[in-house]
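# Commentary on secondary and tertiary structure
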Amino acid sequence: MTLSTYATDLLEREPALLCLRQLQQRAGAGQGGILLLTGEAGLGKSSLLRHWARELDGGSELWWGSCDDLFSPRPLGPLRDMALRLGSQAQPLLDLLDTGAPAARLFGWLQERLSRPPRPCLLVFEDVHWADEGTLDLLRFLGRRLTAWPCAMVLSYRAEEVIDPHPLCQVLADLPGASLQRLALEPLSGAAVAALAARAGRPCDGLHEATGGNPFYVTEVLGSGLADAGQGVPSSVRDAVRARLSRLDADERELLDRLSQLPGEAPAWLLQAWLPAALEAALDRCVARGLLVPSDTGLSFRHALARRATAEAVPAVRRRALHAELLQLLSRPPAGSRPVALSQRLHHACQAADTAQILALAPQAAREAAGLGAHREAAKHLEQALRVSVEASIEQRASLLQDWSYETGLSLIDEQVIAARHQAVELWRTLGRSDRVGDNLRWLSRLYWYRGEGALAERYAEEAVTVLESVPAGLELAWAYALRAQLHMLQDHAELAISWGLRAVILAERLEQPEVLCHALNSVGTAELFDGRPEGHERLQRSLALALTHGYDEHAARVYTNASEHAVVFKDFKRAEPLLQAGLAFDRQHDLDAWTHYLEGWLAQLRMEQGRLAEAEELAGAVLALPRLTAVMRLPALTVMARVRMRLAAPDASALLDQALTLAHAGGGAERLVAVVAAQAEQAWLAGDEAACRAALARLDGLDTVNAVCWSAGEAAVWRLRAGLAPGLQHCAALPWGLELRGDPAAAAEAWLALDAAPEAALALLRCAELQQGPPAAQCLARALQLFEAGGHLAGVAGVRRLARRLGLQAGLPRRARGPYREARQHRFGLTAREQQMLDLIGAGLRNTEIGKRLGLSQRTVEHHVSAMLAKLSVADRNQALALARREGLLPPSP
């Protein structure tokens, strides 16, 4: 019996095959779904999928693609595989890929094709643990939509390699839980291994124990012949593969040595051009032995493990020579064949240590990858060139540094990213290129701003303008003006933002540059709105129209964000709600996750302002649970979470407020700093600690709050007034704050209620009670208590009762609720209802995935609630949580 016979045996895989058949049936009925097929290397994921594919009849359309085992995989490599296999059916897709069309056009074509296919479509993405960033975006795009299409998607990967911060983790968390099915392959049992050995006519003593039941390992051992030769079982898959190779003749070894240097499939034309005629017979023998697997388009190793083990056994000098041969051939494919991916040619150039080719190919491959959304891969390509850039020109090195900084900075802004920009600045200065110097200074400003370092951001923005104004005005200067406008807008410097923004608008219109015009109009319009100028609405509408016309999705998202933020800050909740929902819908439709999460932070702010504390806490918590948040994204959600936890009288409130204060000081602007300090003042004031309240407000000393946005200026002034300090502001355009500053907190409370801002109304009533006596004060206290209790504002409830005791009016207040009412308002450990529900379900033995399915929540949301619950219980894991919960009576004792 040959290896190929028992390698394709599906022992103990019938249940898994049944899952795949059911997935196909549901797709045929128009019920899209996603199957995650996991298992360690060698467990037979590919064998299972190939067997399933052979079963398919003409009733389904199979789309099949694989990810590359490369340092920098081909951008959208699986999609290209699919298009090639489908041939004429996917010719438009091939044309888009060959012409370097942007990802948005590719995804648009796919949506049109897959939403109304002639037959149900089955999409298989193999080895997605190797997926490039563009493919990950594609998986997210498809996964969020295909549940409504007659399609099914199978993703295979090695679960042991996909642990945080692997980029696939976030993609899997974003997939809709209701349509997700997980299928984990298990190793073969001892009986199955014995059956394989018997069929091969080989002994099985110790085989299962040594191989762990890994099917590939078992078949390699059986194929090596070592076990029946009395030499024992090889200690690793690599040893088993090499033992098997040692039994081959010289031609077979030469063939495999050559092909092992090619990750993935060797196309037919390359086999003809590269392999000597003497190896043709060896090729047939290797296929017959099951070492190589032919397809309609080429030839590949049976398994990546076998290819790697074979490649590593080739001497280094010989490997470099083979890669040099491949590089030469792949650079000149024959007429009529598809061009070879630049990333693959770069791979061979690196392996061949061909510096000239690395420096030539890396920038091209990076541009191709970036155009398809694979920015991480673009950064890797540029990194390969930087490693050999000692042989590059100064101009080449400067370009590599600035491009690498950009591509890497899209996912992580660290010291290396910033240092690369600084190096680029110095190199361009050496060459006297002021235009490039200025543009890199502008990017340094942006990087520092994203890191929350406002002073440095302003410094480099100013320096960029100075440098660029020394040379003829061009696009770089327009962007520098636009950046200065944006920074001033974010710092609430309306006049400066408008002034710089209008310079950018004039220059952009003169240069006919719609993108920078779109950006500048956004900043100017936003600054005008926050300064109380209604013409800002028209500028934002013009910016949005430009963005939608030219496909500037992120600029459109920025319009929705700034307009929503203005509506929330100015307490125009009726306008804020539809704006936020429209913005979130747009962001989700275009898979703009960062903008989605930022807007979710503002939705949390809206819910907090409305007194819907539980919703605000859940929304802010989901944002804060995201990995690798920038300071810009983290601060709004953290401010909401801190203030909500303060109002819930949670023990972690002070620590959260301190964290938010640190971020706000670093670069949040006056509005953000006032919001955090106001929360700290509220906490102290409700506790009756006037000294702490004044100490909190002292943090605003030196900050020009008077000229800040009127709502922030009014908030700062009112809190100073409540603390017995000079408000520093006599009149305020923000009506409720203005009324309280004029000495009429009762009218201010009514104004707050008219805005649907119950928490602020209750605080104004508390101030009203302070200023009055007797029945009027008692009425204010009773009404404030009612509002605080309705919203679960425990700190406010305590503040009312404290003030009532001081005024001798406690007898006029309703008694404290006891029993179930009090438990519902204040959990002993500060758990929300959702967190207690998580604890209950964990106590019932459910895993996170099962909890998500039961409650209809995403895996990420469940993990957020479980993490929050563990933190509040001060335990490290679920077992400790259960032990504590049973000991403290939060759960019934173990049976």
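As a starting point, this report considers the structure included with it. (Residues numbered from 1 in each chain as written. Predicted model: local features only at pLDDT ≥ 70, side-chain atom pairs only at ≥ 80, totals over all residues. Heavy atoms only, no water.)

Locating Ala 374 in the fold gives a position in the loop between helix H19 (355–371) and helix H20 (375–387). Taking the C-alpha atoms as reference, Ala 374 lies 5.9 Å from Pro 75; in sequence the two are 299 residues apart. When residues no more than four places from it in sequence are discounted, the contact partners of Ala 374 are Pro 75, Asp 132, Glu 133, Gly 134 and Ala 369. (Helix = DSSP H or I, 4+ residues; strand = E, 2+ residues; numbered from the N terminus. Contact = heavy atoms within 4.5 Å.)

With that settled, consider helix H24 (residues 454–468). When the terminal C-alpha atoms of H24 are compared, their 21 Å separation across 15 residues agrees well with the 21 Å that a helix rising 1.5 Å per residue should span. Turning to H24, its buried residues number three or more, namely Ala 457, Tyr 460, Ala 461, Ala 464, Val 465, Val 467 and Leu 468. Each buried residue of H24 sits inside an arc of 165° when the element is viewed along its axis, so together they form one side. Exposed side of H24, more than 90 degrees from the buried face: Ala 455 and Thr 466 are the residues found there. Residues of H24 that are buried in the fold lie against helix H22 (415–430), helix H23 (434–450), helix H25 (475–490) and helix H26 (494–511). (Expected span 1.5 Å × (residues − 1). Buried < 20%, exposed > 50% of the residue type's maximum accessible area, 1.4 Å probe, protein only. Arc of directions from axis to C-beta.)

Before going further, it helps to examine the pattern of salt bridges. Think of it this way: side chains of opposite charge can pair up when their charged atoms draw near. For the structure shown, the criterion picks out 58 salt bridges. Between Arg 429 and Glu 426 there is a salt bridge whose closest N-O contact spans 3.1 Å. Linking Arg 429 with Glu 426, this pair stays in helix H22, spanning three residues, or about one helical turn. Arg 429 gets classed as partly exposed once you look at its relative accessible area, which sits at 38%. The exposure class of Glu 426 is partly exposed, given its relative accessible area of 46%. The shortest N-O distance in the salt bridge between Arg 607 and Glu 577 comes to 2.9 Å. Taken together, the residues span a long stretch of sequence, with Arg 607 in helix H31 (residues 593–609) and Glu 577 in helix H30 (residues 573–589) at a distance of 30 residues. (Salt bridge = Lys/Arg side-chain N within 4 Å of Asp/Glu carboxyl O.)

Packing of helix H35 (residues 669–686) against helix H36 (residues 690–697) brings their axes to within 8 Å, and their N-to-C directions diverge by 175°. Our classification of the angle between H35 and H36 gives roughly antiparallel. Of the residues in H36, those in contact with Val 677, Gln 680, Ala 681, Ala 684 and Trp 685 of H35 are Ala 692, Cys 693, Ala 696 and Leu 697. Among the residues making up the contact of H35 with H36, the classes are represented as eight nonpolar, one polar and no charged. (Axes fitted to C-alpha atoms, helices over the stretch in contact; angles between N-to-C directions. Parallel < 35°, antiparallel > 145°, perpendicular 65-115°, else oblique. Nonpolar A, V, L, I, M, F, W, Y, C, P; charged D, E, K, R; others polar.)

The subject of this paragraph is the sheet that holds strand S1 (residues 33–38). Pairing is parallel across the open sheet formed by five strands, whose spatial order is S2-S3-S4-S1-S5. The sheet is open, and its two borders are formed by strand S2 (61–66) and strand S5 (180–184), each paired with just one other strand. On average, adjacent strands in this sheet sit at an angle of 15° to one another, irrespective of strand direction. Against the sheet, helix H4 (residues 77–86) contacts S2 and strand S3 (121–126), and its axis sits at roughly 140° relative to S2. (Pairing = 2+ DSSP bridges.)

Here three strands make up an open sheet; going across it, the order is S6-S8-S7 and the pairing antiparallel. Both outer strands of the open sheet, strand S6 (266–267) and strand S7 (292–294), are each paired with one neighbouring strand and no more. Both S7 and strand S8 (residues 298–301) contribute to a ladder of three bridges, which runs antiparallel. When the sheet's bridge partners are listed, Val 293 is paired in S8 with Ser 300.

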